[in-house]
Amino acid sequence: MNTNYNFNRNQLLSLASLMVLSPAMRLFPNSAAEYASQAAAFSAPAAIPFMLLYVYFICRFMDTRNDGEGMAELFLRCLGEKAGKAALIIISLWLLLYASFVLRASSDRLITTIYPHSSPKLFIIVMGIICTVSALGSARTIVRASKIILPFIFGLIGMILFFSMFSVSKENLLPVTVLDTLPVMESSLSAMNVFTAVLYLICFFAPFVHKSDNSFRSYSIWLAVMTVFISLLCISVVGSFGAELTVKLAWPFFSLVRNLVFFHSLERIEALVVSIWIFPDFLLVSMLLYSAQYCLRLVCGEKTPGYQGEKMFSTNNKRWIIPLCGLFTVICGITIAKDPVTLEFWSKKLIPVTNLIIALIFIPGIYAYGKLKRSCEK
């Protein structure tokens, strides 16, 4: 049986880049414009010093792993079997809740931009089924799919940002003064939210990456590139609409696409762009489902929960947990945030706050306990 389902760091960073798109388009540039107004473009760069510290922490944590181990295995090693399994259950519930929210937010974007007055249930169910099927396969398939899709998605974004610069007004971006420092720092929390989530989430795929691929330099370069991307996004949207209007728009990036004209003849391509945006959501939800089922199978005593070449619908090796995770995600996605006000609360308050608790308290606390007890040494 072929069990070589590993991949390399560059492929994993391709997945991380696409995973950034889903929360970035949801939180930026609305949140940045809400706090920092015309200085929104400085929100992501303001988060770099803290994020470099977090990258360093993640790399140090992953340095303690052996080949074939990831974040889930480190939880067990740092905390011991009982406490480690409890931590894995907590993180699995968070991953499934996050996946449910992404499904709900994705369906809202489709309804708002293309299919007004439609029900989100159909979109959630269809996407949930597709992502569950993806989670039944190998992590390598998810990662390699991101490697294939990445040039097309970012090429499209680059084209949109280029043409949008012709409609940018400097009056919407200037002046920026020292008085904007505090608002910019407040708005940088959104960037921290996006980057911290992606950085610790990809660690659940670490069992399939060789330990030598854990590089502070590579992750720092990736962070810098994605920071530039978010800054350009803020410049194009806030510069085109102004901060006040940007805050009022539900999906400002797609509103920007709706108003663009390419080569003086091509326009109204927002339906195409929104449809293409399903791919980043698909990869993010698939990754979350795969990681959640991986953790839960470890909790149930499965020693090698990674894909071992089993048939798609095989229930061996506790694979029955995978469709249960998919079912939970779909049901939760249908039942949460049924109205726009509640969805906004989930998007701007509940999910970001919970993520920061996981990223800045829960995971570092596990690492600190493991170092104290010397249970996470190499």
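Position labels on residues start from 1 in each chain and follow its written sequence. A pLDDT threshold of at least 70 governs which residues receive local features in this predicted model, and a stricter bar of 80 or more applies before side-chain atom pairs are shown or counted, although totals over entire chains, interfaces and linings include all residues. Side-chain measures here rest on the full set of heavy atoms in the structure, leaving out hydrogens and waters.

**Describing the overall build of the protein**
Reasoning step 1: From N to C terminus, the protein includes 16 helices and two strands.
Reasoning step 2: With the radius of gyration taken over C-alpha atoms, the globule rule is written as 2.2 Å times the number of residues to the power 0.38. Taken over the C-alpha trace, the protein has a radius of gyration of 21 Å; the compact-globule value for 378 residues is 21 Å, and the two agree within 12%.
Reasoning step 3: Taken along the three principal axes of its C-alpha coordinates, the protein extends 60 × 45 × 35 Å.
Reasoning step 4: Partly exposed residues are those whose accessible area sits between 20% and 50% of the maximum for their type, while under 20% is buried and over 50% is exposed, using a 1.4 Å probe and protein chains only. In the protein, which comprises 378 residues, the proportion classed as buried is 57%.
Reasoning step 5: In this analysis, two residues are considered to be in contact whenever any of their non-hydrogen atoms come within 4.5 Å of each other. Residue pairs in contact within the protein that sit at least 24 positions apart in sequence constitute 82% of those at least 6 positions apart.
Reasoning step 6: Per element, the accessible surface of the protein, about 16200 Å² overall, is 66% carbon and sulfur.
Reasoning step 7: Neither His nor the chain ends contribute to the count of charged residues, in which Lys and Arg are positive and Asp and Glu negative. We put the charge of a Lys on NZ, of an Arg on CZ, of an Asp on CG and of a Glu on CD. Considering the protein, the positive charge centre built from 31 side chains and the negative charge centre built from 20 side chains are found 8 Å apart. In DSSP terms, a helix is any run of H or I states spanning at least four residues, a strand is any run of E spanning at least two, and both are numbered starting from the N terminus. Surface accessibility in these figures is a Shrake-Rupley result with a 1.4 Å probe; residues are shielded only by whichever protein chains are displayed.

**Some points on the packing of helix α7 (residues 120–135) against helix α15 (residues 321–335)**
Reasoning step 1: Throughout, an axis means a line fitted to C-alpha atoms (over the contacting stretch in the case of helices), and angles, computed between N-to-C directions, take values from 0 to 180 degrees. The interhelical angle for the contact between α7 and α15, taken along N-to-C directions, is 160°, at an axis separation of 9 Å. Accordingly, the angle class assigned to the pair α7 and α15 is roughly antiparallel. For the pair α7 and α15, the sense of crossing is right-handed. Contacts from Lys-121, Ile-124, Ile-125, Gly-128, Thr-132 and Ala-135 of α7 reach α15 at Ile-322, Pro-323, Gly-326, Val-330, Gly-333 and Ile-334.
Reasoning step 2: Split into classes, the residues belonging to the contact of α7 with α15 amount to seven nonpolar, four polar and one charged. Orientation categories follow fixed angle ranges, with anything under 35 degrees roughly parallel, anything over 145 roughly antiparallel, 65 to 115 roughly perpendicular, and all other angles oblique. For a crossing to be left-handed, the near helix must be turned anticlockwise from the far one by less than a right angle; the clockwise case is right-handed. Nonpolar residues are Ala, Val, Leu, Ile, Met, Phe, Trp, Tyr, Cys and Pro. Charged residues are Asp, Glu, Lys and Arg, and all others, Gly as well, are polar.

**Description of the pattern of salt bridges**
Reasoning step 1: By salt bridge we mean one thing: a side-chain nitrogen of Lys or Arg within 4 Å of a carboxyl oxygen of Asp or Glu. Summed over all chains, the structure comprises six salt bridges.
Reasoning step 2: Note that Lys-248 is salt-bridged to Glu-244, the shortest N-O span being 3.9 Å. Taken together, the residues Lys-248 and Glu-244, both in helix α11 (residues 243–248) and four residues apart, mark about one turn of the helix. The same class applies to Lys-248 as to Glu-244, namely exposed.
Reasoning step 3: Among the ionic contacts, a cluster of salt bridges with common partners joins Glu-34, Glu-344 and Lys-348.

**Brief notes about the packing of α7 against helix α14 (residues 278–299)**
In a pair of packed helices, the angle between the axes and the distance between the axes together describe the arrangement.
Reasoning step 1: Interaxial distance between α7 and α14 falls to 8 Å at its minimum, and their mutual angle equals 55°. Of the possible angle classes, the one that applies to α7 and α14 is oblique. In this structure, the crossing between α7 and α14 has a hand that is right-handed. Of the residues in α14, those touching α7 at Met-127, Ile-130, Cys-131, Thr-132, Ser-134 and Ala-135 are Ile-278, Phe-282, Val-285, Ser-286, Leu-289, Tyr-290 and Gln-293.
Reasoning step 2: Across the contact of α7 with α14, the residue classes break down as nine nonpolar, four polar and no charged.

**Here's the deal with the packing of aromatic side chains**
Reasoning step 1: Pairing of aromatic side chains requires ring centres within 6.5 Å, counting the rings of Phe and Tyr and the six-membered ring of Trp. Pairs whose planes differ by under 30 degrees are stacked, by over 60 edge-to-face, and all others tilted. Summed over the entire model, instances satisfying the criterion amount to 22 aromatic pairs.
Reasoning step 2: Measuring from ring centre to ring centre gives 6.0 Å for Phe-195 and Trp-222, while their planes differ by 80°; the resulting arrangement is edge-to-face. Of this pair, Phe-195 sits in helix α9 (residues 181–201) while Trp-222 is found in helix α10 (residues 216–241), placing the two residues 27 residues apart along the sequence.
Reasoning step 3: With relative accessibility at 1%, the residue Phe-195 sits in the buried group.
Reasoning step 4: A relative accessible area of 7% places Trp-222 in the buried class.
Reasoning step 5: Centre to centre, the rings of Phe-205 and Phe-208 are 6.3 Å apart; their planes meet at 85°, and the pair counts as edge-to-face.
Reasoning step 6: According to the relative accessible area criterion, Phe-205 is buried, its value standing at 0%.

**Side note on the side chain of Asn-30**
Reasoning step 1: With respect to the helices and strands, Asn-30 occurs in helix α2 (residues 30–36).
Reasoning step 2: Overall, Asn-30 belongs to the buried group, its relative accessible area being 4%.
Reasoning step 3: Pairs of N or O atoms are called polar contacts if they sit within 3.5 Å, as long as, within protein, a hydrogen donor faces a hydrogen acceptor (for residues adjacent in sequence, only side-chain-to-side-chain pairs). A polar atom in the side chain of Asn-30 sits 2.7 Å from the backbone oxygen of Leu-249.
Reasoning step 4: Discounting chain neighbours no more than four positions away, the residues touching Asn-30 are Thr-246, Val-247, Leu-249, Ala-250 and Pro-252.

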